[in-house]
Amino acid sequence: MTLVNDDPSARYRQNPRTAAREFIRTSPFLNRPDTMSGRLQPALSEQPEPTSVAERGMAESRWMDEQNVAIQQEQQNLQDATARAIQAVQQRRQAQMQPAQQDTGGDVQRHYNYDPDATLSQPRQQILQETASYAGTPYRLGGRTARGIDCSGLVMSVYNSLGFDIRSHSVSGQARAIPGVKTSVNNLKPGDLVVWNDNSHIAIYAGNGQIWDASRSRGTSLRPLWAPQSQVYGIAVRLPGE
């Protein structure tokens, strides 16, 4: 005697979709272990009911709207980042154009008028006058113009304006290239050079223990020689006409 529920052909009389769901749920061959939990998971997933053409159109429209919003937001973020970068560059340029501050009082040194010294030769007066024109120029590593300059760039620009052909931008290279005699700082005249022993810095001697140099903290300024004489030496430069 065969029970109705045990009739093998009963499942074939079911709705095909219902039969497929039942087959997926009960078949031991279509189950695989979940390696994380140890539970059996169906190897085949049940497909959702197909949507109508109108529903698919609405879903696609929503998806396109979401994509457009995301693209617009990304473009706005890019514009904001670009504007911030441009503003930062402009602020740095404005800061570099600000004249350097003096050591005392924090006052800004904007101009320096060179007072001609009749006891000096014309080339030496030209050196001091040209150097004074850079007073207040901000420091810029590798620079050699009034927009920004470093210590060796100052020497290069000043001496080349008198007809020298200094091409090296390093302290050691300039100390070798500029014609002159190595001597004590006490023997220097205005317009000669002061060189640090470790080639870390170079300055133009202004007389009376003063130097013109370009530093990170002060830009181009006239100030006393701040290094001990044991750490520096002088170069008595051979200038045209001397």
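Rules used in this analysis
- Residues numbered from 1 in each chain as written.
- Predicted model: local features only at pLDDT ≥ 70, side-chain atom pairs only at ≥ 80, totals over all residues.
- Heavy atoms only, no water.
- Buried < 20%, exposed > 50% of the residue type's maximum accessible area, 1.4 Å probe, protein only.
- Helix = DSSP H or I, 4+ residues; strand = E, 2+ residues; numbered from the N terminus.
- Pairing = 2+ DSSP bridges.
- Phe/Tyr/Trp six-rings, centres within 6.5 Å; stacked < 30°, edge-to-face > 60°.
- Lys NZ or Arg CZ within 6 Å of the ring centre and 35° of its normal.
- Salt bridge = Lys/Arg side-chain N within 4 Å of Asp/Glu carboxyl O.
- Core = buried A, V, L, I, M, F, W, Y, C linked by side-chain atoms within 4.5 Å.
- Contact = heavy atoms within 4.5 Å.
- Polar contact = N/O pair within 3.5 Å; in protein donor to acceptor, adjacent residues only side chain to side chain.

**Observations regarding the pairing of strand S8 (residues 210-215)**
Counting buried positions along S8 gives five out of six residues, so the element sits mostly inside the fold. Pairing analysis gives three bridges linking strand S7 (residues 202-207) to S8, with the strands arranged antiparallel. Each bridged residue has a counterpart across the sheet, and for Tyr205 the counterpart in S8 is Ile211. Connecting the antiparallel pair S7 and S8 is a turn made up of two residues, with Asn208 showing a positive phi of about 55 degrees. As defined by bridge partners, S8 adjoins strand S9 (residues 219-224) across six bridges and the pair is classed as antiparallel. Paired with Trp212 across the two strands is Leu222, which belongs to S9. The antiparallel hairpin formed by S8 and S9 contains three residues in its connecting segment.

**Thoughts on the packing of aromatic side chains**
In total, this model carries two aromatic pairs according to the counting rule given. Between the aromatic rings of Tyr159 and Phe164, the centroid separation amounts to 5.4 Å while the plane-to-plane angle is 75 degrees, which identifies the pairing as edge-to-face. In this structure, Tyr159 and Phe164 share a single accessibility class: buried. Their ring planes at 40 degrees and their centres at 5.1 Å tell us that Trp196 and Trp226 sit as a pair that is tilted. Of this pair, Trp196 sits in strand S6 (residues 193-196) while Trp226 sits in the loop between S9 and strand S10 (232-237), placing them 30 residues apart in sequence. Under the relative-accessibility criterion, Trp196 is labelled buried at 4%. One cation-aromatic arrangement involves Lys182 over Tyr233; the distance from NZ or CZ to the ring centre is 4.3 Å.

**Details of the pattern of salt bridges**
Going through the model one piece at a time under the given rule, you end up with four salt bridges. Among the charged side chains, a salt-bridge network with shared partners connects Arg124, Asp192 and Glu242.

**Quick look at the nonpolar core**
Of all hydrophobic cores here, the largest spans 27 residues; its most connected members are Tyr159, Leu193, Ile204 and Val237. When residues in this core are grouped by element, the largest group, six residues, is from helix H4 (residues 151-160). Those residues within four positions of Tyr159 in sequence are excluded, and the remaining contacts are Ile127, Phe164, Ile166, Gly191, Asp192, Leu193, Ile204, Val237 and Leu239. One finds Val185, Leu188, Ala203 and Ala227 within the second-largest nonpolar core, a separate group that totals ten residues.

**A closer look at the side chain of Arg223**
Mapped onto the fold, Arg223 is located in strand S9. In this structure Arg223 comes out as buried when scored by relative accessible area, which is 7%. There is a polar contact of 2.8 Å between the side chain of Arg223 and the side chain of Asp213.

**Some thoughts on unusual backbone geometry**
Its identity is not glycine, yet Asn199 carries a phi of approximately 60 degrees, on the positive side. Here Asn199 shows up in the loop between S6 and S7. By relative accessible area, which is 35% here, Asn199 ends up partly exposed. Its identity is not glycine, yet Asn208 carries a phi of approximately 55 degrees, on the positive side. Mapped onto the elements of the fold, Asn208 is located in the loop between S7 and S8. Given a relative accessible area of 78%, Asn208 falls into the exposed group.

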